Amino acid sequence: MKKRTLVTMLAATVAVAGLAGCSSSQTEETAAATEAAAEAGEEAAEEPAEEAGEEAAAPAADGELIRVGIINNDPNESGYRTANDADLKAMFTEENGYDASFAYSLKNDEQITAAQKFIQDEVDYLLLSAADTSGWDSVLQDAQNAGIGVILFDRTIDASEDLYLASIVSDMEKEGETAVNWLEEQGLEEYNIIHIQGVMGSAAQQGRTGALDAKVAEADNWNLVTQQTAEWNSEKAQQIVQSVIDSGTEFNVIYAENDDMAKGAVAALDKANISHGVDKDVIIMGFDCNKWALEELLAGNWNYDGQCNPFQASYIDEVIKKVEAGEELTEKTIILDEVGFDARTITAEDVEQYGI
Amino acid sequence: MTEKKRAAASGGMAGLFRNQIFIPIAALLLLAAFNLIVDPSFFKITLGTNSEGYSVLTGNLMTILDYGSEVAILAIGMTLVTAASGGQDISVGATVAIAGSVILRILVGLGGDGTLQAPIIVAFLAACVVSMLFGAFNGVLVAIFKIQPMVATLILYTAGRSIAAWINNNELPIVTDKTFTYFGGFIPGLPVPTPFFLAVVCVVITMLVLKFTNLGLYTQAVGINASSSRLNGLNPTFIKWLSFVILGLCVAVVGLIKTSRLSTINYSVIAKDIEMDAILAVALGGNALSGGKFNIPASILGAYVIQFLTTTLYKFQVSSDALPAYKAVVVVLLVVISAPAVKEKMAALSKKMKTQKEVG
């Protein structure tokens, strides 16, 4: 027994050491990258940053790059996150006058640790997509005391508005409303909807569910055949739709809160030979505008896809430029422009431009 | 079925509990009876055509055969791992993601347009090799370094999905070729879902191996007492290692099915928590989770029972995020029933009843 405990402990230590090894090597990499960038910056220094902002902006003197620390969720999380990360990486380059360091985690505590490290490194701006809404007050206070400007992107947090310069977010309620309005315009006699939800409690789920729930409660000819969470998971969505098909209930709309789940639902329909898409039996709705999903729209297999805009870097850049120029920021919360695509009107250019 | 049950019942309570396959059969009958009473249309099977124009069978039972087969295939390997090492592999879901990624990578290539770059069989064999290698990695940790299986497989459980993402360079390629959908759907002309056939093939192969080799006996011996089996000339290290490699092979088959269902995968969510279902299947099959004696048919039956439960719950519109809670109830019941204290009590009770009967 004793031996076994010892072995377990040893194994746990090894595992922990392994993990620690990973994270430290990652920081080393980041540090190396930062150094390299700094060196290059000294030599290049072509684009002098505009005058340093008075209050928040720290010493970004002429000729120096603006140092930003970016804390994001893991790019592997979803296609959306991958596109978001790629967009940030493309924007915050030396050519654009930035010296960026990145930290990724899906865990709040690891993100907070990364934020503290960035504060110690005296970055000029801290860009944050928080994994969790709470627990950020003290670290953001530290950032403010150190004269670091904090900009939130993609996700909001529960903290005083004074602690950050701006928050750049999607309006999920509006995404839901746009989609529901579109569905209403289709003028069906009766709406029998299979509603497949995302992870319960997430902002995207709440916004996209809220609009549909409101409409179903208000209109008599709108019914939910089933309302289930598939947790953003296509396999689960497939099983949920399969179970509705097996039970023989009639339906004519699938409202899936992301593209993956819509794909799963469509796979179940294909199996049962239920036609879907433009002018077919079942209307397919998805969100997020993945490139492959927009191609399904283009082919007429799906009907609608709502955008959830991952291209936030230009908005962040604008805010930083404004602060650096000493301009007042007019609004704390900046809402991203988002559109919804109809399979009847989508073009190949849209797929290229908006697909992620 | 009922006659068999009656026969078992006449053997007395103790005999009932000693018969391992009784637990999954009882669970299956319970679920079937429940559905029969509440809504007999649950068992309706219709012959329709799918969007490809082939005739296929659809209905809840077909769904159970379809999705239950994934867990059933995994349950084969998981039973062997459990029996040999006395622990479970929790990295199965992550390794399914890796196997699926390998298949996609080979079929589509990097930045491909979805047309097949290589024959499916090549991709599948490569996935087999890769997931057997990962199985071998787990096996080495467990058999040679004597790390507890759950802790050893925790490494891949944590890292596996990142490895899967890395294999495809964070892309999510989609296979456009229709023949690739056969493995998770239907083969033209056959109205029963392909995963079921794959499960049957796996089961038959396993049964033949167990019948014509001593693998079963050796695994059991190693699981019951590794050191005494070593003294009897067996190689416990090899047997344990081998069980993980076999599980790796099962994982590759499931990876093929999963990838084929949607012609693509999402690394972060594919086969999520499937390891828990596989372990539950082993437990439901009445196998001791601490190793030793095992019964593969019971585990496979257990796998279908789990899917039966899931499908039933979906049918009755139970919220899908509540499903794990229902499975938890099953686990609690199983653990309590198989606890030595309860077993003793039951045996004593049945003995008492018997003596009373004889007296009366």
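Residues numbered from 1 in each chain as written. Chains lettered and ligands numbered in written order. Predicted model: local features only at pLDDT ≥ 70, side-chain atom pairs only at ≥ 80, totals over all residues. Heavy atoms only, no water.

**Points about unusual backbone geometry**
Residues and elements named next belong to chain A. Phi angles above zero are rare outside glycine, and D154 is one such case at about 70°. With respect to the element layout, D154 can be found in the loop between β4 (149–153) and β5 (166–169). Within the chain, D288 stands out as a residue other than glycine whose phi angle is a positive 105°. Of note, D288 is situated in the loop between β9 (283–287) and α9 (291–298). (Helix = DSSP H or I, 4+ residues; strand = E, 2+ residues; numbered from the N terminus.)

**Some details on the interface of chain B and chain A**
Each side of the interface is counted separately: chain B has 38 residues, and chain A has 35 residues. Here chain B meets chain A over a buried area of about 3,200 Å², counting both sides, of which 50% is carbon and sulfur. When the area that chain B buries against chain A is broken down by residue, the three leading residues are B:Y67, B:L262 and B:Y314, summing to 20%. Summed over the shared surface of chain B and chain A, the number is 2 salt bridges. Between B:D66 and A:K271 there is a salt bridge whose closest N-O contact spans 2.5 Å. Contributions of two or more residues to the side of chain B that touches chain A are made by α4 (60–85), α7 (149–167), α11 (236–262) and α13 (296–315) of chain B. Tallying contributions element by element places α4(B) first for the side of chain B that touches chain A, with 4 residues. (Contact = heavy atoms within 4.5 Å. Buried area = accessible area lost by both parts, 1.4 Å probe. Salt bridge = Lys/Arg side-chain N within 4 Å of Asp/Glu carboxyl O.)

**Regarding the domain arrangement of chain A**
Bring the parts together and some accessible area is lost; that lost area is often taken as the interface size. Residues and elements named next belong to chain A. The domains assigned to chain A are domain 1 (26–170 + 310–325) and domain 2 (172–308 + 340–354). Listed as interface residues are 5 residues of domain 1 and, on the opposing side, 6 residues of domain 2. For the pair domain 1 and domain 2, the two sides together bury roughly 430 Å², of which 56% comes from carbon and sulfur. Together, Y80, S170 and F311 form the three largest contributors to the area buried by domain 1 at its contact with domain 2, with a combined 76%. For the pair domain 1 and domain 2, the interface holds 0 salt bridges. Applying the counting rule to domain 1 against domain 2 returns 1 residue pair in polar contact (both at pLDDT 80 or more). Looking at the side of domain 1 that touches domain 2 residue by residue, the classes come out as 3 nonpolar, 2 polar and no charged. (Domains from an automatic or database assignment. Polar contact = N/O pair within 3.5 Å; in protein donor to acceptor, adjacent residues only side chain to side chain. Nonpolar A, V, L, I, M, F, W, Y, C, P; charged D, E, K, R; others polar.)

**Concerning the sheet that holds strand β1 (residues 66–72) of chain A**
All names here are of chain A. Across the sheet, 6 strands lie side by side as β2-β1-β3-β4-β5-β11; this open sheet has parallel pairing. Strands with a single pairing partner mark the edges of an open sheet, and in this sheet they are β2 (98–104) and β11 (333–335). Adjacent strand axes in the sheet meet at a mean angle of 20°, parallel and antiparallel pairs treated alike. Pairing geometry for β5 and β11, over 3 bridges, is parallel. Within β11, the residue paired with V169 across the bridge is I335. Along the sheet face, helix α10 (residues 313–324) touches β1, β2, β3 (125–128), β4, β5 and β11 and points at about 155° away from the line of β3. (Pairing = 2+ DSSP bridges. Axes fitted to C-alpha atoms, helices over the stretch in contact; angles between N-to-C directions.)

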